Amino acid sequence: MTPGVFITFEGSEGCGKTTQLERLARRLAAIGGAGRPVLRLREPGGTPLGEEVRRLLKHTAPGWSVVPEAELLLFAASRAQLVREAVAPALAAGQVVLCDRFLDSTTVYQGVARRLEPVSVAAINAFAAGPLRPDVTFLLDLPAELAMARARRRDQSAGGTPDRMEQEPMAFYEQVRAGYLRLAETCAERFVTVDARLPIDDIEALIWTQLTARCHGLFP
Ligand SMILES: Nc1ncnc2c1ncn2[C@@H]1O[C@H](COP(=O)(O)OP(=O)(O)OP(=O)(O)O)[C@@H](O)[C@H]1O
Ligand SMILES: [Mg+2]
């Protein structure tokens, strides 16, 4: 375990990851991070190079094809940079790092929903992230239909259009959900699965209770 605390948020599009990461960041800010600076990051992205990769992955020019293998390697490139440029130094300095998606996303999206060979996905994940794993991962679990409806409403009210990852058939997001639930069982020591149908305030409270219980002594 590093001197800092590494907390990640996972789940399908629209399940509430960013909403809850912001809520947790606000709670931590209210207690001055319990003396620890709080760093907010996202994947893909979180570094100048990673943000360029994010643009490529989300807003590929119309007509461009992105094969699953290339997609996997682009996510991995962003992650390799993020770990070494941002996450590892912050954890070494004792900070609290909140990350909107991390390597579990690749395990599930590319290894399950895109059907790439899981052994290859695990090897590339290990190369990109090294031995670093989150201390706690909050999985926001929501039926695929509900999650996509939320994402669509959000995109419409922001005047935006669905990005490349939001344009898959519903079966894809059902596989993503199932993949996450299986992974959470396999890695039960660090996963906390939350019912994302609950109201935002209830989920926030639940996440706080779980975090303080798991990281006892770190946060009041
Ligand atoms: N518990 C909730 N109940 C109802 N609506 C919610 C809840 N949590 C989030 N939302 C709403 O659902 C939409 C999607 O939430 P959010 O953007 O946080 O999801 P996300 O997991 O970050 O999605 P993405 O993977 O696309 O970034 C937002 O409009 C948000 O306000
Ligand atoms: Mg988000």
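Everything below is about the structure shown above.
Just so it is clear, the structure is predicted and the values come from calculations on it, not from any experiment.

A. Region of interest: the overall build of the protein. For the protein, the count of helices and strands is 8 helices and 5 strands. Moving toward the C terminus, one meets the helices and strands of the protein in the order β-α-β-α-α-β-α-α-β-α-α-β-α. The C-alpha atoms of the protein give 17 Å as radius of gyration, which agrees with the globular expectation for 220 residues (17 Å, within 12%). In terms of principal-axis extent, the alpha carbons of the protein reach across some 50 × 35 × 35 Å.

B. Fine view of helix 4 (residues 103-113). Judged by how many residues are buried, helix 4 sits mostly within the fold: 9 of 11 residues are covered. Every buried residue belonging to helix 4 is among Leu103, Asp104, Ser105, Thr106, Val108, Tyr109, Gln110, Gly111 and Ala113, and all of these are buried. The secondary structure elements touched by the buried residues of helix 4 are strand 1 (5-10), helix 3 (68-92), helix 5 (118-129), strand 4 (136-141), helix 7 (170-186) and strand 5 (191-195). Following helix 4 by one or two positions, Arg115 has its phi on the positive side, about 60°.

C. Molecular detail of the packing of aromatic side chains. In this structure the tally under the stated criterion is 5 aromatic pairs. If you follow Arg79 out to its NZ or CZ, it ends over the ring of Phe102, 5.7 Å from the centre.

D. Quick look at the site of ligand 1. Within the structure, ligand 1 sits among 17 residues, and Lys17, Thr18, Thr19, Arg154 and Leu198 are positioned closest to it. Between ligand 1 and Gly16 there is a distance of 3.0 Å, counted from an oxygen atom to a backbone nitrogen or oxygen. Isolated, ligand 1 exposes 640 Å² of accessible area, and the fraction of that covered by the protein chains is 77%. For the shell around ligand 1, the secondary structure elements donating two or more residues are helix 1 (17-30), helix 6 (144-157) and helix 8 (200-214). For the shell around ligand 1, the element with the highest residue contribution is helix 1, accounting for 3 residues. Taken together, the residues of the shell around ligand 1 break down into 6 nonpolar, 5 polar and 6 charged.

E. Spotlight on the sheet that holds strand 3 (residues 96-100). The sheet built from 5 strands is open, its strands ordered 2-3-1-4-5 with parallel pairing. The strands lining the two open edges of the sheet, one partner per strand, are strand 2 (38-42) and strand 5. In this sheet, neighbouring strand axes are inclined to one another by 20° on average, regardless of whether the strands run parallel or antiparallel. The pairing of strand 2 with strand 3 spans 5 bridges and is classified as parallel. Residue pairing in the sheet places Leu39 in a bridge with Val97 of strand 3.

F. Summary view of the side chain of Thr47. Relative to the assigned elements, Thr47 resides in the loop between strand 2 and helix 2 (48-58). Among the polar contacts listed, one links the side chain of Thr47 to the backbone nitrogen of Gly50, at a separation of 2.8 Å.

G. Spatial organisation of the environment of Phe75. Note on placement: Phe75 falls in helix 3. Each C-alpha atom, one on Phe75 and one on Gly50, is 8.6 Å from the other, the two residues being 25 residues apart in sequence. Contact partners of Phe75, with chain neighbours within four places excluded, come to Pro44, Leu57, Thr106 and Gln110.

Conventions and cut-offs
- Residues numbered from 1 in each chain as written.
- Chains lettered and ligands numbered in written order.
- Predicted model: local features only at pLDDT ≥ 70, side-chain atom pairs only at ≥ 80, totals over all residues.
- Heavy atoms only, no water.
- Helix = DSSP H or I, 4+ residues; strand = E, 2+ residues; numbered from the N terminus.
- Rg over C-alpha atoms; globule rule 2.2 N^0.38 Å.
- Buried < 20%, exposed > 50% of the residue type's maximum accessible area, 1.4 Å probe, protein only.
- Contact = heavy atoms within 4.5 Å.
- Phe/Tyr/Trp six-rings, centres within 6.5 Å; stacked < 30°, edge-to-face > 60°.
- Lys NZ or Arg CZ within 6 Å of the ring centre and 35° of its normal.
- Near = heavy atom within 4 Å.
- Polar contact = N/O pair within 3.5 Å; in protein donor to acceptor, adjacent residues only side chain to side chain.
- Areas by Shrake-Rupley, 256 points an atom, 1.4 Å probe, with all protein chains shown as cover.
- Nonpolar A, V, L, I, M, F, W, Y, C, P; charged D, E, K, R; others polar.
- Pairing = 2+ DSSP bridges.
- Axes fitted to C-alpha atoms, helices over the stretch in contact; angles between N-to-C directions.

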